[in-house]
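# Structural characterization, general
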Amino acid sequence: MTNDIAIYLIVSLISIFVGIIVSAESSLQCSSFCECDTWYGLLRASCTSRHLYSIHTGVPSNVQALDLSDNVITSLTNFELMNAKLTELKYLNLSKNAISDISLKAFDGLKNLRVLDLSRNRLHYLSDETFEKNSNLRILRLSHNNFKSHVPKLQSIWLTELRLDSCQINYLPSDTFNGLPQIQYLDLSNNVMIQMNHNVVQTLHFLKNLLLQGNPLSCDGIMYDLQIYLELKNVKFDYTGCITKVQKFEKMIILPVTKQRNYQHSAIENMSTEETKSVTKHNVSNTLSNRNVSIHEQTPNRTSIIRTNVFSSYWLFCVGFISGLFCGLVMSCIWMWRKFLCNQRGRHRDRFYNASQTVSLLRNSYLRGYIDNDGSLIQSCPGTPPPPYREVMLQPNLYRSPSTITNLNNNGIGHRESYT
């Protein structure tokens, strides 16, 4: 009996051992497009640089790490990963593809997924609830995409690390990260942001690192408030471009506060470290409040300056208009005066011409008194001398009769004989 029991135990142990070997061999069987190995204690399938158009590569269902980087995958449809029996994935790398469209339920069923890499794709939009059901997701990489002003407002309360660097982001609304309360590491470097309000990271109570390097951030009051907020929250950040300029700004605007700070410097040195921190925080808050008050006090002066500029431009326009109108009137008067003078000169000329015609008519009528009806020259006024020879030659019609004209034509000296 005991021998039978011993034999049964030996056979059962051998069968179990053989089953383990067979299962291990079956688990190591990989697709022809991939290479399977063990990576950090995880069964990994590496399918990089194979020109794959889909995630369906035929890898075993017990794969825990899948690397599909540097392929030509363009989209992920609903339940595609779950239908490919990749529900055991903990690490998924889809970087360096051409993914431009991800459906809302593309990652449903991947409850063990912890790290997802979607960097260097063509994403310009991502639904807010895409990773809402991935309760174990901790690291999400979305670097080198084209979100611009359409930054996704993700809803993932378990996410601790988010990378959005080099995504051409130009603006972040204040509620962008409200659905990510557990974020500890946030990378926003190498974007095109000019400003970033501290309200954007105000809901991130566990934030420890913030990367902003490579953005053309302007050194103004908004960035100053962000720096003060990050310092109060003990958040590490790599942007230090406004420190020296902000100190100059404080010297110009918050002069009384800086004096008070100098007066209290000796007292602060004698305090402990905790008291010193509390005093510095209190001074920083007072600095912000006083800066806001000073800015509000300066706004009436700015409005008055703007009003004076408006009134000066208005008066300048009025003066220019009146001077132009006056010049136009003067030119019109000069033109009318010249026209009047020209008309007067024309009238004098007409009068002189009429007078000359009258004189010529009177003279003609006077001269015609010497000619009789038959054309002979008579003396109506005795003692009056005859007309000169030049006038008789210039006006022969007044002194010659038709018979005399014919005689003159026949004989050139007949006219002289009539006078002799």
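Look above for the structure.
Residues numbered from 1 in each chain as written. Predicted model: local features only at pLDDT ≥ 70, side-chain atom pairs only at ≥ 80, totals over all residues. Heavy atoms only, no water.

## Concerning the overall build of the chain
We count it as follows: Every helix listed is a DSSP run of H or I at least four residues long, and every strand listed is a run of E at least two residues long, numbered separately from the N terminus. Here the term buried applies to any residue with accessible area under 20% of the maximum for its type, exposed to any over 50%, and partly exposed to those in between, with areas from a 1.4 Å probe on protein chains only. Note on definitions: a residue-residue contact is assigned when non-hydrogen atoms from the two residues lie within 4.5 Å. With residues, only the protein chains shown are counted as cover, and all accessible areas are computed by Shrake-Rupley using a 1.4 Å probe.
Along the backbone of the chain there are eleven helices and twelve strands. Across the 420 residues of the chain, 31% fall into the buried class. When contacts within the chain are restricted to residue pairs at least 6 apart in sequence, those whose partners lie at least 24 apart make up 49%. Element-wise, carbon and sulfur atoms account for 58% of the exposed surface of the chain, whose accessible area totals about 27,000 Å².

## A word on the pairing of strand 2 (residues 42–46)
Worth spelling out the cut-off: A pair of strands is considered paired only if DSSP assigns at least 2 bridges between the two.
Within strand 2, four of the five residues are buried, which leaves it mostly tucked inside the rest of the structure. With five bridges connecting them, strand 1 (residues 35–39) and strand 2 associate as antiparallel partners. Within strand 2, the residue paired with Asp37 across the bridge is Arg44. The hairpin formed by strand 1 and strand 2 contains two residues between the paired strands, and Tyr40 there has a positive phi angle of roughly 55°. Relative to strand 3 (residues 65–67), strand 2 is paired through three bridges, and the arrangement is parallel. Bridge pairing in strand 3 places Ser46 opposite Asp67.

## A look at a nonpolar patch on the surface
Stated formally: Residues enter patches when their relative accessible area tops 30% and they take part in no salt bridge; the joining distance is 9 Å for like charges and 5 Å for the nonpolar side chains Val, Leu, Ile, Met, Phe, Trp and Tyr. Note on definitions: salt bridges are taken to be side-chain nitrogens of Lys or Arg within 4 Å of carboxyl oxygens of Asp or Glu.
A cluster of nonpolar side chains, Phe317, Phe321, Ile322, Leu325 and Leu329, forms an exposed patch at the surface whose accessible area comes to about 580 Å². Relative to the assigned elements, Phe321 resides in helix 7 (residues 273–368). Residue classification places Phe321 among the exposed residues on the basis of a relative accessible area of 54%.

## Description of the packing of aromatic side chains
To be explicit about the condition: A pair of Phe, Tyr and Trp rings is counted when the ring centres sit within 6.5 Å of each other, with Trp represented by its six-membered ring. The angle between the planes then sorts it: under 30 degrees is stacked, over 60 is edge-to-face, the rest tilted.
By the definition in use, this model includes four aromatic pairs. Residues Trp39 and Tyr40 carry aromatic rings whose centres are separated by 5.0 Å and whose planes lie at 80° to one another, so their mutual orientation is edge-to-face. Since its relative accessible area comes to 26%, Trp39 is described here as partly exposed. Relative to Phe131, the ring of Phe107 lies with its centre 5.4 Å away and its plane at 35°, an arrangement referred to as tilted.

## Some thoughts on the side chain of Ser156
Note on placement: Ser156 falls in the loop between strand 8 (139–141) and strand 9 (161–163). We classify Ser156 as buried; its relative accessible area is 2%. The contacts of Ser156, once residues within four sequence positions are left out, are Phe131, Gly179, Leu180 and Pro181.

## Points about helix 3 (residues 221–232)
Our working definition: By definition here, a helix of n residues has an expected span of 1.5 Å times n minus one.
Compared with the 16 Å implied by 1.5 Å per residue over twelve residues, the 16 Å span of helix 3 between its first and last C-alpha is a close match. Within the sequence span of helix 3, burial applies to Met223, Tyr224, Leu226, Gln227, Ile228, Tyr229 and Leu230. Note on helix 3: the residue one or two positions beyond its end, Asn234, has a positive phi of about 60°.

## Some points on the state of the cysteines
The cut-off we apply is this: Throughout, disulfides are identified as pairs of cysteine sulfur atoms within 2.5 Å of each other.
Evaluated as defined, the whole model comprises two disulfides. The disulfide partner of Cys30 is Cys36, and the S-S distance across this bridge is 2.0 Å. Since a negative S-S torsion denotes a left-handed disulfide, the Cys30-Cys36 link at about 65° is right-handed. In this model, Cys34 is linked to Cys47 through a disulfide, with the two sulfur atoms separated by 1.7 Å. Taking the torsion about the S-S bond as the criterion, the Cys34 to Cys47 disulfide, at about 105°, is right-handed. Residue Cys34 is located in the loop between helix 1 (2–28) and strand 1, and its partner Cys47 is located in the loop between strand 2 and strand 3; the two are separated by 13 residues in the primary sequence. Classification of Cys47 as buried rests on a relative accessible area of 0%.

## Side note on unusual backbone geometry
In this structure, Lys96 is a non-glycine residue whose phi angle is positive, near 55°. Looking at the secondary structure, you find Lys96 in the loop between strand 5 (91–93) and strand 6 (101–102). Judged by its relative accessible area of 48%, Lys96 is partly exposed. At Arg120, a position not held by glycine, the phi torsion is positive, near 60°. Note on placement: Arg120 falls in the loop between strand 7 (115–117) and strand 8.

## A short note on the sheet that holds strand 5
One open sheet holds the ten strands; their spatial order is 1-2-3-5-7-8-9-10-11-12, and the pairing between them is mixed. The open sheet has two edge strands, strand 1 and strand 12 (236–237), and neither has a second partner.

## Digging into the environment of Lys208
When you line up the elements, Lys208 lands in the loop between strand 10 (185–187) and strand 11 (209–211). On a C-alpha basis, the gap between Lys208 and Phe237 in space is 8.6 Å, while along the polypeptide they are 29 residues apart. With residues up to four places along the chain from it excluded, the contact list for Lys208 reads Gln184, Val235 and Lys236.

## Brief notes about the pattern of salt bridges
Per the stated rule, a full pass over the model turns up seven salt bridges. A salt bridge links Arg141 to Asp117, with the shortest nitrogen-to-oxygen separation between them at 3.9 Å. Linking Arg141 in strand 8 with Asp117 in strand 7, this pair joins segments that are 24 residues apart in sequence. For Arg141, a relative accessible area of 26% corresponds to the partly exposed category. For Asp117, a relative accessible area of 7% corresponds to the buried category. As a salt-bridge pair, Glu161 and Arg163 come within 2.9 Å of each other at their nearest N and O atoms. Exposure remark for Glu161: the relative accessible area of 16% places this residue in the buried category. Salt bridges linked by common partners bring Glu161, Arg163 and Asp187 together as one network.

## Quick look at the environment of Leu142
Summarising the element assignment, Leu142 is placed in the loop between strand 8 and strand 9. Residue classification places Leu142 among the buried positions, given a relative accessible area of 0%. Taking the C-alpha atoms as reference, Leu142 lies 9.1 Å from Ser166; in sequence the two are 24 residues apart. Residue contacts for Leu142: discarding those within four places in its chain leaves Leu118, Ser119, Leu123, Leu126, Phe147, Leu154, Leu162, Arg163, Leu164 and Cys167.

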